[in-house]
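# Residue-level structure breakdown
Chain by chain, the residues:
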Amino acid sequence: MKPSKIAVLTGAGVSKSSGIPTYREGADSLWNNYHPQDLATPQAFIRNPKLVWEFYDWRRQNMARARPNPAHYTLAEMEAALPDFTLVTQNIDGLHREAGSKNILHLHGDIWLVRCTACDFRGEDRRVPLPERPPRCPRCGALLRPDIVWFGETLDAATLYQAEQAFKSADIALVVGASAVVYPAAYLPLYTQEHGGQIIEFNITRTPLSPYAAEIILGPSEKTLPEWWRKFQEE
Ligand code: BV8
Ligand code: ZN
């Protein structure tokens, strides 16, 4: 196995076969008259916190039933086997942690964490369904919000810096199930390519990142990623 520094960026496609709808292939019929991007914003939350929490509570109920698939387990195996491996995810579903990945950079947060809109309360809340929507802070009674990054909000600077460093030093960037349209996440693999590393894209279609990829492995990542990892170990 070639000694390589590997950085991975995963998107919603890696969780699709676990039963979690992606963003751009149309969410479940319950919400097809809203697009996540109209609800996943601070403006929508201020305007109608109940509706936004109904959206997240529905997604949490869906994610609570989801289980990791072979792609998640393969990434946990790679982390344990490789000396220099970084997993960066755009997903908020918690499936990488459930599959055993230890060090995960959650670029867009974690749907199982909530934080208060008024005081500094922050904590895990796994109640499905939520007893009240919108939920209230146990400490001060103000509105809680999901501890995730909405469109128009900035990402946690330290998390983004660590992710950038990983892709800048990686020999190989694996991009798995990402449509590569949301920034700044979509830029990360280009750091690898810019310094001479290789991008390998795992997707069921081509994306705006495809022209920069050294290799495009078309197919469902729950199949293609385990296959790739087996071959990589034999090299
Ligand atoms: C920011 C949490 C600074 C919430 C998410 C115009 C141009 C460029 C940028 C912008 C612009 N206008 C606005 C922006 C900035 C904006 C942005 O990029 N918008 C896009 C839509 C144009 N970005 C932001 O706002 C970010 N913040 O820029 O801060 C700033 C501050 C103030 C003002 C300006 C700038 C914050 C972005 C984070 C938003 N939060 N998630 C929630 O989930 O509710 S983003 C959310 O959508 C996900 O986290 C993910 O990142 C993204 C969805 O992308 P994917 O994960 O790729 O999923 P998608 O459904 O799109 O695609 C699935 C893929 O899987 C497909 O390619 C499919 O083919 C593939 N697939 C399907 N099945 C499989 C598969 N692949 C393999 N196997 C399979 N089986
Ligand atoms: Zn509070």
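Below you will find a few notes about this structure. (Residues numbered from 1 in each chain as written. Chains lettered and ligands numbered in written order. Predicted model: local features only at pLDDT ≥ 70, side-chain atom pairs only at ≥ 80, totals over all residues. Heavy atoms only, no water.)

### Considerations on the packing of aromatic side chains
This model, assessed by the stated rule, comprises 7 aromatic pairs. Geometrically, the ring pair formed by F45 and W150 is tilted, given 5.2 Å between the ring centres and 40° between the ring planes. Of this pair, F45 sits in helix α3 (residues 42-47) while W150 sits in the loop between β6 (144-148) and α7 (157-169); the two residues are 105 residues apart in sequence, bridging distant segments of the chain. Residue W150 is classed as buried on the basis of its relative accessible area of 2%. For the ring pair W228 and F232, a centre distance of 4.9 Å and an interplane angle of 20° mean the geometry is stacked. Highlighted residues: W228 and F232, both in helix α9 (residues 221-234), separated by 4 residues, approximately one helical turn. Each member of the pair, W228 as well as F232, is classed as buried. Joined through ring pairs, the aromatic side chains of F45, F55, Y56 and W150 make up one cluster. When the ring centre of W150 is taken as origin, the NZ or CZ atom of R145, which lies over that ring, is 4.0 Å away. Directly above the ring of Y191 sits K168, whose terminal nitrogen or CZ lies 4.7 Å from the centroid. (Phe/Tyr/Trp six-rings, centres within 6.5 Å; stacked < 30°, edge-to-face > 60°. Helix = DSSP H or I, 4+ residues; strand = E, 2+ residues; numbered from the N terminus. Buried < 20%, exposed > 50% of the residue type's maximum accessible area, 1.4 Å probe, protein only. Lys NZ or Arg CZ within 6 Å of the ring centre and 35° of its normal.)

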